[in-house]
Structures are given as C-alpha cells and as structure tokens.
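Examining the three-dimensional arrangement
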Amino acid sequence: MEQTFIMIKPDGVQRGLVGEIIGRFEKKGFSLKGLKLLTVDQAFAEKHYADLSSKPFFNGLVEYIISGPVVAMVWEGKNVVTTGRKIIGATNPAESAPGTIRGDFAIDIGRNVIHGSDAVESAKKEIGLWFPEGVANWSSSLHPWIYE
Ligand code: RTP
C-alpha cells in the first residue's frame, strides 16, 4: 500500500493544529504508520529541501522549518500521496481551496502549516530521511469498511 510523508511545520505545532490535522487524515480513512515530534537542525532541513536550494526563499524556508518542533508522520492508503496533497491544498494559501488544511488555516506561503510529499518516489526518499528507524507494521481492522 502507498505511503506518504506528512510534516506539520512549526507554525502548525505552535498554533495547536496537530490534533485537527491528524483528525483529517484519520477520518478520511488513511492509516497512521509513523509519528514523532522533533526539532531538526539546519543541515537536516537543508537535506529535506535540497531540491529547492537554488530558490530565493530557500534560506527563509530552512529558518522557518528549524524554528520549533515539527510533527513528522507517515500515512498509508490507496493514492495517499495525491489525495494527501489535495487534503493539504495548494502551496500558496491564497490559492488553497476552503476545506483544505492550508485553505482553512493559513494566509502566507511562508507559513503554510504543513508539508506533504509530491510523488511516490519523493515520499520514499523523505520517509527514509525522517524515519531511518522504520515505521510501524500494522493493518487497520477497518479496511473492509474503507476499501471495496
Ligand atoms: P511542501 O514541500 O512544503 O509540501 O510544499 P509544496 O511542495 O507545496 O511547495 P514547494 O514548491 O516544494 O515549496 C516548499 C515550501 O517552500 C515555501 N515556499 N515559499 N516564498 C515563496 O515564494 C515560497 N515558495 C515556496 C512554502 O512553505 C512551501 O510549502
């Protein structure tokens, strides 16, 4: 089954949105496979966002991600990468639809509350980076009520 990496950014943690965000993924029917609260250092944040290192906002982005604890998660389910991005909403909250996490809880692109992997391959890479110890191996007993 497909997995994605989801991170509640420091602003999401500081604003008390952790329960709300976890609830949205849970209620959709996805399974939580990994979960931890941690503060990352500059080198780690730069590695996570390595693809964006040439962007003008890169330094500010790294500062933002290391500014406080984040919640790192692995969620599993059919099409969870694409559907997770839909639940999160467009990168710029000015364009995120109401009903999405960013559409409901964010205003500025540089404080957009949450990260989600953008493809299955990047999800694998990010899960390996954030969860080198591996993730839980369990299967929800609700599967027959969620999947046809
Ligand atoms: P994320 O990786 O956080 O899920 O976001 P994304 O794929 O939707 O967007 P991406 O282009 O990968 O950008 C990563 C994060 O960088 C910040 N950003 N700031 N100031 C700006 O123009 C700008 N553009 C992007 C955002 O926090 C974005 O989520």
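Everything quoted here is computed from the prediction, not taken from an experiment.

**Details of the site of the ligand**
- Residues in contact with the ligand, as listed here, are Lys-9, Tyr-49, Leu-52, Phe-57, Leu-61, Arg-85, Thr-91, Arg-102, Ile-109, Asn-112, His-115 and Gly-116.
- Within the side chain of Tyr-49, one N or O atom sits 3.2 Å away from an oxygen atom of the ligand.
- Here an oxygen atom of the ligand and a side-chain polar atom of Asn-112 are 2.8 Å apart.
- For the ligand, whose accessible area on its own is 560 Å², the fraction buried by protein is 76%.
- Residue composition of the shell around the ligand, by class: 5 nonpolar, 4 polar and 3 charged.

**Concerning the confidence of the model for the protein**
- Here the protein averages 97 in pLDDT, while 100% of its residues score no lower than 70.
- Here the predicted complex carries an ipTM of 0.92, next to a pTM of 0.97.

**Digging into the pairing of strand S3 (residues 70-76)**
- Burial within S3 is extensive, with 7 of its 7 residues counted as buried.
- Burial of S3 is two-sided: the residues Val-70, Ala-72, Val-74 and Glu-76 facing one way and the residues Val-71, Met-73 and Trp-75 facing the other way are all buried.
- Both strand S1 (residues 3-8) and S3 contribute to a ladder of 6 bridges, which runs antiparallel. In the strand pairing of S3, Phe-5 is matched with Val-74.
- Relative to S3, strand S2 (residues 31-38) runs antiparallel, the two sharing 7 bridges. Residue pairing across strands places Lys-36 opposite Ala-72, the latter belonging to S3.

Each value, and the rule that gives it
Residues numbered from 1 in each chain as written. Predicted model: local features only at pLDDT ≥ 70, side-chain atom pairs only at ≥ 80, totals over all residues. Heavy atoms only, no water. Near = heavy atom within 4 Å. Polar contact = N/O pair within 3.5 Å; in protein donor to acceptor, adjacent residues only side chain to side chain. Areas by Shrake-Rupley, 256 points an atom, 1.4 Å probe, with all protein chains shown as cover. Nonpolar A, V, L, I, M, F, W, Y, C, P; charged D, E, K, R; others polar. pLDDT = per-residue confidence, 0-100. Buried < 20%, exposed > 50% of the residue type's maximum accessible area, 1.4 Å probe, protein only. Helix = DSSP H or I, 4+ residues; strand = E, 2+ residues; numbered from the N terminus. Pairing = 2+ DSSP bridges.

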